[in-house]
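Close look at the chain arrangement
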Amino acid sequence: MTAYVLQRLALMLVTLFAIITLTFFLMHAVPGGPFVSDKMMAPEIQAAINAKYHLDDPIWVQYLNYLRGIATFDLGPSFKYAGMSVNEIIAQGLPTTLKVGVLALICVVSLGVPLGIVAALNRNRWPDTLVMVIATIGVAVPSYVIATVALYFFALRLGWVPTFGLDDWRGYFLPVFALSGFWISFIARLARSSLLETLQMDYMTTAKAKGLKPGQILFKHGLRNSLIPVVTVLGPVVANLITGSFVIEQIFALPGIGRHFVLSITNRDYTAIMGITIFYAAVLMVMIFIVDMLYLVLDPRIKYREAR
Amino acid sequence: MSQPLLSVRDLRTSFFTSRGEVQAVRGVSFELRPGEILGIVGESGSGKSITCMSLLGLLKSNGKVIAGSALFEGEDLLQLDDRDLRRLRGDEIGMIFQDPMTSLNPTLTVGEQVIETILRHRRISRAAARQRATELFELVRIPSAAKRLRSYPHEFSGGMRQRVMIAMALSCDPKLLIADEPTTALDVTIQRQILALLRELQSRLGMAVILITHDLGVIAETADRVLVMYGGMVMEEAPVRRMFARPSHPYTRGLLASIPDLRDGTHQRLTPIPGSPPDMRRPPAGCPFAPRCRNAMAQCVKALPPIYEVDAGHGSRCWLHHAEAPRVEGINELVPA
Ligand SMILES: Nc1ncnc2c1ncn2[C@@H]1O[C@H](COP(=O)(O)OP(=O)(O)OP(=O)(O)O)[C@@H](O)[C@H]1O
Ligand code: SF4
Ligand SMILES: [Mg+2]
């Protein structure tokens, strides 16, 4: 068990290293640079900048320097914002992204799972049909469409919520809704099909034949097994809620990491792009790791297989 | 003769599917005395499992008991409400299923699965239930019982899992144990061990057993009495010795003929009689076995034969037992000794 966890951690480091390397060389393979913009720069200024950011060093020296920086959790200076480090950019955006992301996650779990259960237990009756119709729309319609339509109705037409920003608590409604809509639908569908499958299992008949009460059968024998696939996707879901929010942050003008990411791309802020990409990758991997550990607790068969 | 423990009368069960009503059980009657082992044998789809599932209200949601009664210690199981039925399940009536690989919950320890059954039906502490579970594991001869309670099903072999199922089914001292093909999914050697265990436990604890199987060898070794089912009906019923010595129904005779020699101890599965069982969505008006029966007559297709009592406790559902039927050796005419 400990060996397995250590093995997983080591694998994570190797993966992260590969991602850093790949990101670094890809960024450097892209023609043009952050300071190549519309107006030509004087050669001496260009030289000074190159010197300041060590852009004249051989690429492998730059690479090693970059690695050394990351090893100390330093993602380097921003190319575009003078005096600001990539760390600071991330630190500035993280609270907003995290707040919206965590609220969205709470919605996904506390709405998606129960909706799926209600649908499964009412299979082919109206609650099921209703949930499935809504969930199908939620999965099919892209989040930016939901966001734009919701913005139009609730903010512009009805004026219930502000159109942008998070200064007012009501400002959270639309971004959280737009961000979680897809995943609520996705999880509802997954929980439904998973529970329906579990209800057909032989051990559910055994549980019934033992005289257990319907609640015991559903919660103790049914849910635990049917939530395993749900937990499996929860890692990528969390990562997606945190990293995938840049469209939503753009639409609602939220000062999160996603917004900075989009800005850094349009600014060709190389270190920021690299830094945020690596940050996203790290978040994703940590989430998947946490979920795998959770999975280990939920499904004893895994422990056994991995231990061998 | 003692009072029957279970008395099933004219049980009819159907499934309502998008492709019509499937008449899975069409008027099954039988009795079971306390401590008796009743074997139910028949080809796949003949309604053996559904008969038993109907008794305990374990049918899938599209299944429904249409008619009949099933008196268990004087109470009609088919009339009980959910609460009362739940009280009986796992307590007075235990059940074992065919596939021990899938009938235990993979995410709970085997101990927990036994303990929760005990706690459901007995007002005792968790510690006492655990103690009882350990004793049950010892009873079904699971080595290092106390330790094994903490194992998960995947850490057991098929035979060991079936022992867990048996321990679970016996945890509340049931008066009736229903075993639905308890050995079909196991290796031959394990099959023998499990059957020996079941026989031993039965004689020790004295519960009545309904043993469903495809295997006539299992019936010969284990059962006191046999029901032969076909097309959702009982075709023949007899004490086990009588059934093997003097089978009276053409279907039973076909089944027995397909076994080379019972006495050499090889457990032969039924090799099917040519032809296939009737479509239960449109069951024939006459004898369901008629299309495959060597002795079929015009009458057989027209009307369903009644059960004729050919001897005390020996019934056979066949027109050949009618007084005016032609004589067929071995069925309505004794084989010369
Ligand atoms: N859920 C269901 N929906 C529709 N038909 C069903 C359902 N369950 C069982 N049946 C039908 O009921 C009939 C009897 O099934 P049953 O399981 O009792 O057979 P069996 O004698 O136990 O066979 P086996 O030896 O294969 O276990 C079969 O024709 C089967 O197709
Ligand atoms: S009733 Fe007729 S068809 Fe049916 S078993 Fe007897 S002889 Fe054969
Ligand atoms: Mg069956």
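Everything below is about the structure shown above.
Note that this is a predicted model, so its numbers are computed, not measured.

Looking at the overall build of chain B
Per the secondary structure count, chain B includes 11 helices and 12 strands. Restricting to contacts in chain B with at least 6 residues of sequence separation, those with at least 24 account for 65%. Element-wise, carbon and sulfur atoms account for 51% of the exposed surface of chain B, whose accessible area totals about 14,700 Å². Mean positive and mean negative side-chain charge positions of chain B (42 and 37 charges, respectively) differ by 3 Å.

A short note on the interface of chain B and chain A
At the interface, 29 residues of chain B touch 23 residues of chain A. Buried surface at the junction of chain B and chain A, both sides included, amounts to about 2,300 Å², of which 58% is carbon and sulfur. Together, Thr107, Glu116 and His154 of chain B form the three largest contributors to the area buried by chain B at its contact with chain A, with a combined 25%. Viewed at the interface, chain A and chain B are joined by 3 salt bridges. Elements represented by at least two residues in the side of chain B that touches chain A include exactly helix 3 (110–121) and helix 6 (158–169) of chain B. Tallying contributions element by element places helix 3 of chain B first for the side of chain B that touches chain A, with 6 residues.

Some details on the site of ligand 2
Around ligand 2 sit 13 residues in total, of which Cys287, Cys293, Cys300, Cys318 and Trp319 of chain B are the nearest. Its residues placed into classes, the shell around ligand 2 shows 11 nonpolar, 2 polar and no charged.

A few points about helix 5 (residues 126–140) of chain A
The end-to-end C-alpha distance of helix 5 of chain A, which contains 15 residues, comes to 21 Å, matching closely the 21 Å that a straight helix rising 1.5 Å per residue would cover. Residues of helix 5 of chain A that are buried sit in contact with helix 4 (86–121) and helix 7 (173–199) of chain A.

Digging into the side chain of Thr107 of chain B
Residue and element names in this part refer to chain B. Looking at the secondary structure, you find Thr107 in the loop between strand 6 (93–96) and helix 3. Using a relative accessible area of 1% as the deciding quantity, one classes Thr107 as buried. Within polar-contact distance, the side chain of Thr107 engages the side chain of Asn105 at 2.9 Å.

A look at the site of ligand 1
Residues and elements named next belong to chain B. In the region of ligand 1, 14 residues are neighbours, and Ser44, Gly45, Lys48, Ser49 and Ile50 sit closest. Interatomic distance of 2.4 Å between a side-chain N/O atom of Ser44 and an oxygen atom of ligand 1. Asn62 has a polar side-chain atom sitting 3.3 Å from a nitrogen atom of ligand 1. Notes on ligand 1: free accessible area 630 Å², of which the protein chains cover 71%. At the level of secondary structure, the elements contributing two or more residues to the shell around ligand 1 comprise strand 1 (6–17) and helix 1 (48–56). Counting residues per element, the shell around ligand 1 draws most heavily on helix 1, which supplies 3 residues.

With respect to the packing of aromatic side chains
The full count for this structure, using the stated rule, is 14 aromatic pairs over all chains. Here Phe182 of chain A and Phe186 of chain A contribute two aromatic rings whose centre-to-centre distance is 6.0 Å and whose plane-to-plane angle is 25 degrees, an arrangement assigned as stacked. Of this pair, Phe182 of chain A and Phe186 of chain A both sit in helix 7, 4 residues apart, which is roughly one turn of the helix. Accessibility expressed as a relative area gives 30% for Phe186 of chain A, which makes it partly exposed. Aromatic pair Tyr251 of chain B and Phe289 of chain B: ring centres 5.1 Å apart, planes at 65 degrees, arrangement edge-to-face. Residue Tyr251 of chain B is located in helix 10 (residues 250–257), and its partner Phe289 of chain B is located in the loop between helix 10 and helix 11 (298–302); the two are separated by 38 residues in the primary sequence. Of the aromatic side chains, those joined through ring pairs into one cluster are Phe24, Phe25, Tyr63 and Tyr66 of chain A. Just above the ring of Phe156 of chain B sits the side chain of Arg148 of chain B; from NZ or CZ to the centre is 4.3 Å.

About the thresholds
- Residues numbered from 1 in each chain as written.
- Chains lettered and ligands numbered in written order.
- Predicted model: local features only at pLDDT ≥ 70, side-chain atom pairs only at ≥ 80, totals over all residues.
- Heavy atoms only, no water.
- Helix = DSSP H or I, 4+ residues; strand = E, 2+ residues; numbered from the N terminus.
- Contact = heavy atoms within 4.5 Å.
- Areas by Shrake-Rupley, 256 points an atom, 1.4 Å probe, with all protein chains shown as cover.
- Lys, Arg positive; Asp, Glu negative; His and termini not counted.
- Charge placed at Lys NZ, Arg CZ, Asp CG, Glu CD.
- Buried area = accessible area lost by both parts, 1.4 Å probe.
- Salt bridge = Lys/Arg side-chain N within 4 Å of Asp/Glu carboxyl O.
- Near = heavy atom within 4 Å.
- Nonpolar A, V, L, I, M, F, W, Y, C, P; charged D, E, K, R; others polar.
- Expected span 1.5 Å × (residues − 1).
- Buried < 20%, exposed > 50% of the residue type's maximum accessible area, 1.4 Å probe, protein only.
- Polar contact = N/O pair within 3.5 Å; in protein donor to acceptor, adjacent residues only side chain to side chain.
- Phe/Tyr/Trp six-rings, centres within 6.5 Å; stacked < 30°, edge-to-face > 60°.
- Lys NZ or Arg CZ within 6 Å of the ring centre and 35° of its normal.

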